[in-house]
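# Examination of the molecular architecture
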Amino acid sequence: MKKIISILVAVMMIVSLFAVPAFAYDIDASSGNDTYEGAIKDAFGGSTSADVQIQINGDVNHRYAVDITFDAQIFTLSTGATWHPERHEYIHDLPVTWNGEGTVTVANHSDMPITYEATAAVTTDEYGPLSIVFNGAATYAPIPETRIEGCTVGGVAPKGDFTYGVVGTPIVAQLAATKLGTVTVTVDAVD
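Reading the values: the criteria
- Residues numbered from 1 in each chain as written.
- Predicted model: local features only at pLDDT ≥ 70, side-chain atom pairs only at ≥ 80, totals over all residues.
- Heavy atoms only, no water.
- Salt bridge = Lys/Arg side-chain N within 4 Å of Asp/Glu carboxyl O.
- Buried < 20%, exposed > 50% of the residue type's maximum accessible area, 1.4 Å probe, protein only.
- Pairing = 2+ DSSP bridges.
- Helix = DSSP H or I, 4+ residues; strand = E, 2+ residues; numbered from the N terminus.
- Axes fitted to C-alpha atoms, helices over the stretch in contact; angles between N-to-C directions.
- Contact = heavy atoms within 4.5 Å.
- Patch = residues over 30% accessible without salt bridge, like charges linked within 9 Å, V, L, I, M, F, W, Y side chains within 5 Å.
- Areas by Shrake-Rupley, 256 points an atom, 1.4 Å probe, with all protein chains shown as cover.

### Considering the pattern of salt bridges
- On inspection of all chains with the given rule, the structure shows 2 salt bridges.
- The shortest N-O distance in the salt bridge between E89 and R87 comes to 2.5 Å.
- Overall, E89 belongs to the partly exposed group, its relative accessible area being 29%.
- Across the pair R147 and E149 runs a salt bridge, and its minimum N-O distance is 2.7 Å.
- A residue is classified by how much of its surface remains accessible, and R147, at 47% relative accessible area, is partly exposed.
- Among the residues examined, E149 registers a relative accessible area of 43% and is labelled partly exposed.

### Points about the sheet that holds strand 8 (residues 131–134)
- Taken together, 4 strands build an open sheet; the order of strands is 1-6-10-8 and the sheet is antiparallel. The open sheet has two edge strands, strand 1 (66–71) and strand 8, and neither has a second partner. Averaged over all adjacent pairs, the angle separating strand axes in this sheet is 20 degrees, with direction ignored.
- Sheet topology places strand 8 next to strand 10 (residues 159–167); 4 bridges connect them, and they run antiparallel. Within strand 10, the position partnered with F134 by the bridge is Y164.

### Here's the deal with the environment of G128
- Looking at the secondary structure, you find G128 in the loop between strand 7 (114–122) and strand 8.
- A sequence separation of 41 residues divides G128 from T169, and the C-alpha atoms of the two residues are 6.5 Å apart.
- When near neighbours in sequence (up to four residues on either side) are disregarded, G128 contacts T169 and I171.

### Here we look at a nonpolar patch on the surface
- A contiguous nonpolar surface patch, about 220 Å² in accessible area, is contributed by I68, F70 and V187.
- Looking at the element boundaries, I68 is found in strand 1.
- With a relative accessible area of 33%, I68 lands in the partly exposed category.

### As for the pairing of strand 3 (residues 81–84)
- Sheet analysis places strand 3 next to strand 4 (residues 89–92), joined by 4 bridges and oriented antiparallel. Across the sheet, H84 pairs through a bridge with E89, a residue of strand 4.
- Hairpin geometry of strand 3 and strand 4 is characterised by an intervening segment of 4 residues between the two adjacent antiparallel strands and by a positive phi of about 55 degrees at H88.

### Considerations on the sheet that holds strand 11 (residues 181–189)
- Taking strand neighbours across the sheet as the criterion, the 3 strands line up as 9-7-11 in an open arrangement whose pairing is antiparallel. Lying at the two open borders of the sheet, with one neighbouring strand each, are strand 9 (143–148) and strand 11. Between one strand and the next, the sheet's axes are offset by a mean angle of 20 degrees, whatever the strand orientation.
- As judged from the 9 bridges shared by strand 7 and strand 11, these two strands associate in the antiparallel manner. By the bridge assignment for strand 11, A118 is matched with V185.

### Things to note about unusual backbone geometry
- Each neighbour pair has its own omega, and for L94 with P95 the value is -5 degrees, a cis peptide bond.
- In this model, H88 sits at a positive phi of 55 degrees, which is unusual for a non-glycine residue.
- Here H88 lies in the loop between strand 3 and strand 4.
- Classification of H88 by relative accessible area gives exposed; the value is 59%.
- Positive phi values are uncommon outside glycine, yet N135 reaches one of about 50 degrees.
- Tracing the chain through its elements places N135 in the loop between strand 8 and strand 9.

No statement about biological role is implied by the geometric values presented.
Quick look at the structure:
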C-alpha cells in the first residue's frame, strides 16, 4: 500500500510540473483573449502600451539671483534764472520743470518669489529745496514692498520697474552734473 501511495504522489508531482501557467499579453488576430493559439502572418499584428511614471524625491535647493538695473539720468532744469539784486538770490522762471526720467528695473532670476522696495535720499541742501520722487509724484514717498514671482524653467525672468525724477526749485543759476542724492533698492526672499 505504501508503494501505491508513493507512486501516486510521484505521478501527481510530475503532472503538476506541466500545469504551471504562464502569463503574457496575447497579440494575434483576436488579441486579448488570453489564449496562445497564434496567428498566421497576415492576421498577426497589434500593439499594447504601459504608462511609464517617474518621481523625484530629492530636496530642492533654491538659489536667489536678482538684477537691479539703474538707467541713471542727469536731470536738467528747463528754465533760466535771473539774479534778484534786492534779495540776493536767483529766481527761476516758472513753472520749474526738471527734464529727464530715471528707470529702475528689478529682474528676478530666482526660482522663488522675491520682494523689493525703494527709498530715495537727498544728501545735500546746498542747491535748494529739491526732492527725489518716484513714478512722477509731486512729493516724495518710498516704493512700498512689491512682489515679483519666481522664474519658471526655461522662462523669462519676471520684472518690476519704477521711475524716479527730481522736483523743486533750485537756488543756484548754473550747476555742472552733481550728485543730489541716492536711490536705494532693497530685495528680500518671500517667506
